[in-house]
Amino acid sequence: MSAEAPIVIVGTGLSGFSLAREIRKQDKEVPILMVTADDGFSYSKPMLSTGFTKGKEADELAQATAATMVEQLNIDLRVHTTVTGIDTAAHQLCIGEERLTYSKLVLAWGADVIRLPIEGTGQEHVFSINDLMDYRVFRKAVEGKKRVAIMGAGLIGCEFANDLRNGDYEVDIIAPSDTVMPGLLPKVAADAVKDALAEAGVAFHLETVVDRIDQDGDGVNLILANGEQVSADLVVSAVGLRPRTSLAAGAGLQVNRGIVVNRALETSAEDVYALGDCAEVDGHVLLYVLPLMACSRALAKTLLGERVEVAYGTMPVMVKTPCCPTAVCPPPQGAEGDWQVERDGNNVRALFKDGDGQVLGFAVTGDYAMEKQALAKEVPPIHS
Ligand code: FAD
């Protein structure tokens, strides 16, 4: 390993750029090379599901070009460059035949969208949206169209449904669950969001799945497992994300649901670190912004010589469904306790309490969503 080799960060999403910013707060000069498969624009991914509501085109959601980031952060940046492997023994990254030597390597390469193998002739009308480039393609395709079918009723499917309704599109959601966001919200809160979306005009087809998507004129016809058919101009697939682990596994790094790192964000290989959507931090796979911000603050210090462990506080998640504002802080997995619920229309306050009355998690919707900050203070941090 060469002494002059840079810190190499793979990925220019929120994780990669937050980390570079945190490093620069403490050290203006240490060489940083960022490598990214995309165009290196800086943008806030959560804003992608608010474009119609905020009246913004895809490019208006971008905050800075790659060239601006190079200047602002005093970094080298290689865009449209896909890393194909890691040679941890040689401290090198592989980009096809090319080799790049690192002093420290940070994997901030995010998660892949899950693609369902669905039969039919309408595949070119199916879109997944997990970055600004996807969103640009989607916005172009949806321009002048009227009907969008969304596969998946998770957070991203619900947010896009609300946003597309605010853009005056007809929206159908198809999902196997009996309500929305089943893994995230207790049922009573989920039903409040579902009812509010339905009142806003979203048509739900739950407890079924899409069997076929066939071309039909300029649009598509979706055939559902329950025999129903849905016509749409295009389809958004929002059925989930999976941390990118295969290159890391190929390099011999320990992977599980994500790339396994400890609280110092160290992988099982020396001088290789991971954070953000690709990482499983001390057993937690949290594909949200707050955790990656906490990780980038700790990791910047570690990379500069002061080994620091991340401490996750409470991590509430805001669901951007303006028809029913929602915040949730799920209780720890396996926690013992009960949901105590108040519901008034689509306003729900659900508190998960243990036997001593300690609040371990919450979900609040509608008017109660404004209590999220106060409630977050009552919930013990993930790392105490
Ligand atoms: P990404 O942003 O996916 O960045 C990965 C980077 O790695 C990209 O630059 C990519 O080009 C690069 N890359 C990948 N593979 C390679 C390779 N082999 N070689 C080189 N480069 C590579 N979270 C919240 O907390 N609140 C919200 O309200 C919220 N809303 C969301 C709404 C939407 C529509 C979506 C999709 C997500 C939302 N999230 C939200 C989640 C949050 O945005 C993500 O957790 C976060 O942006 C992940 O950032 P990341 O940098 O880890 O990954």
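Per an unreviewed UniProt entry, the protein is named Rubredoxin-NAD+ reductase, and its organism is Marinobacter zhejiangensis. Listed under Cofactor (unreviewed entry) in UniProt, the entry text for the protein is "FAD". In the Sequence similarities (unreviewed entry) part of its UniProt record, the protein is described as follows: "Belongs to the FAD-dependent oxidoreductase family."

Draft legend 1. Molecular detail of the sheet that holds strand β12 (residues 147-151). The sheet built from five strands is open, its strands ordered β11-β18-β12-β13-β14 with parallel pairing. What marks the edges here is a single partner per strand, and that holds for β11 (126-127) and β14 (203-206). Relative to strand β18 (residues 234-237), β11 runs parallel, the two sharing two bridges. Residue pairing for β18: valine 126 is matched across the bridge by valine 235. Contacting β11, β12 and β18, helix α3 (residues 132-142) runs over the sheet at an angle of about 155 degrees to β18.

Draft legend 2. Looking closely at unusual backbone geometry. The residue histidine 91 is not glycine, and still its phi comes out positive at about 55 degrees. Along the chain, histidine 91 falls in the loop between β6 (85-87) and β7 (92-95). Backbone geometry places aspartate 168, a non-glycine residue, at a positive phi of 75 degrees. The topology assignment puts aspartate 168 in the loop between α4 (155-166) and β13 (170-175). Among the residues examined, aspartate 168 registers a relative accessible area of 66% and is labelled exposed.

Draft legend 3. Inspection of the pattern of salt bridges at higher detail. Going through the model one piece at a time under the given rule, you end up with 18 salt bridges. Between aspartate 195 and arginine 343 there is a salt bridge whose closest N-O contact spans 3.1 Å. Here the residue aspartate 195 occupies a position in helix α5 (residues 187-199), and arginine 343 occupies one in strand β25 (residues 338-344), the gap between them amounting to 148 residues. Put simply, Asp39, Asp59 and Arg136 are held in one network by salt bridges that share partners.

Draft legend 4. Local environment of the site of the ligand. Near the ligand, the surroundings consist of 34 residues, among which Ser15, Asp38, Asp277, Val289 and Lys320 are the closest. Taking serine 15, its side chain carries an N or O atom lying 2.7 Å from an oxygen atom of the ligand. Within the side chain of lysine 45, an N or O atom sits 2.9 Å from an oxygen atom of the ligand. The set of elements that each furnish at least two residues to the shell around the ligand consists of α1 (14-26), α4 and α7 (289-303). Residue classes in the shell around the ligand are distributed as 17 nonpolar, 11 polar and six charged.

Draft legend 5. Molecular detail of the environment of alanine 294. For alanine 294, the position within the fold is in helix α7. Here alanine 294 falls in the buried class, since its relative accessible area comes to 12%. Alanine 294 sits 279 residues away from serine 15 along the chain, and the two C-alpha atoms are 10.0 Å apart. When residues no more than four places from it in sequence are discounted, the contact partners of alanine 294 are Val310 and Tyr312.

Draft legend 6. Fine view of the pairing of strand β2 (residues 32-35). Along β2, one buried face is formed by Ile32 and Met34 and the opposite face, lined by Leu33 and Val35, is buried too. Sheet topology note: the strand β1 (residues 7-10)/β2 ladder contains four bridges and is parallel. If you follow valine 8 over to β2, its bridge partner there is leucine 33. Tracing the backbone out of β1, into α1 and back to the parallel element β2 gives a crossover that is right-handed.

Draft legend 7. Main features of the UniProt feature "domain: FAD/NAD(P)-binding" (unreviewed entry) in the protein. Cross-referencing UniProt, the feature "domain: FAD/NAD(P)-binding" (unreviewed entry) maps to residues 7-279 in the present numbering. As annotated, residues 7-279 has a helix share of 23% and a strand share of 30%, and its two end C-alpha atoms lie 18 Å apart.

Draft legend 8. Main features of the sheet that holds strand β16 (residues 219-224). Taken together, the three strands give an open sheet; going across it, the order is β15-β16-β17, and neighbouring strands pair in antiparallel fashion. A single partner strand is all that each edge strand has here, and the edge strands are β15 (210-216) and β17 (229-232). Mean inter-strand twist for the sheet, computed between neighbouring axes without regard to direction, equals 20 degrees. Sheet topology places β15 next to β16; six bridges connect them, and they run antiparallel. When the bridges of β16 are listed, valine 210 appears paired with leucine 224.

Draft legend 9. Local environment of the side chain of serine 44. Among the secondary structure elements, serine 44 is positioned in the loop between β3 (42-43) and β4 (62-64). The class of serine 44 is buried, set by a relative accessible area of 17%. Those residues in contact with serine 44 that sit more than four places away from it in its chain are Leu14, Leu61 and Gln63.

The rules behind the values
Residues numbered from 1 in each chain as written. Predicted model: local features only at pLDDT ≥ 70, side-chain atom pairs only at ≥ 80, totals over all residues. Heavy atoms only, no water. UniProt positions renumbered as here; feature names shortened; annotations may be inferred. Pairing = 2+ DSSP bridges. Helix = DSSP H or I, 4+ residues; strand = E, 2+ residues; numbered from the N terminus. Contact = heavy atoms within 4.5 Å. Axes fitted to C-alpha atoms, helices over the stretch in contact; angles between N-to-C directions. Buried < 20%, exposed > 50% of the residue type's maximum accessible area, 1.4 Å probe, protein only. Salt bridge = Lys/Arg side-chain N within 4 Å of Asp/Glu carboxyl O. Near = heavy atom within 4 Å. Polar contact = N/O pair within 3.5 Å; in protein donor to acceptor, adjacent residues only side chain to side chain. Nonpolar A, V, L, I, M, F, W, Y, C, P; charged D, E, K, R; others polar. Right-handed = clockwise from strand over helix to strand, strands pointing away.

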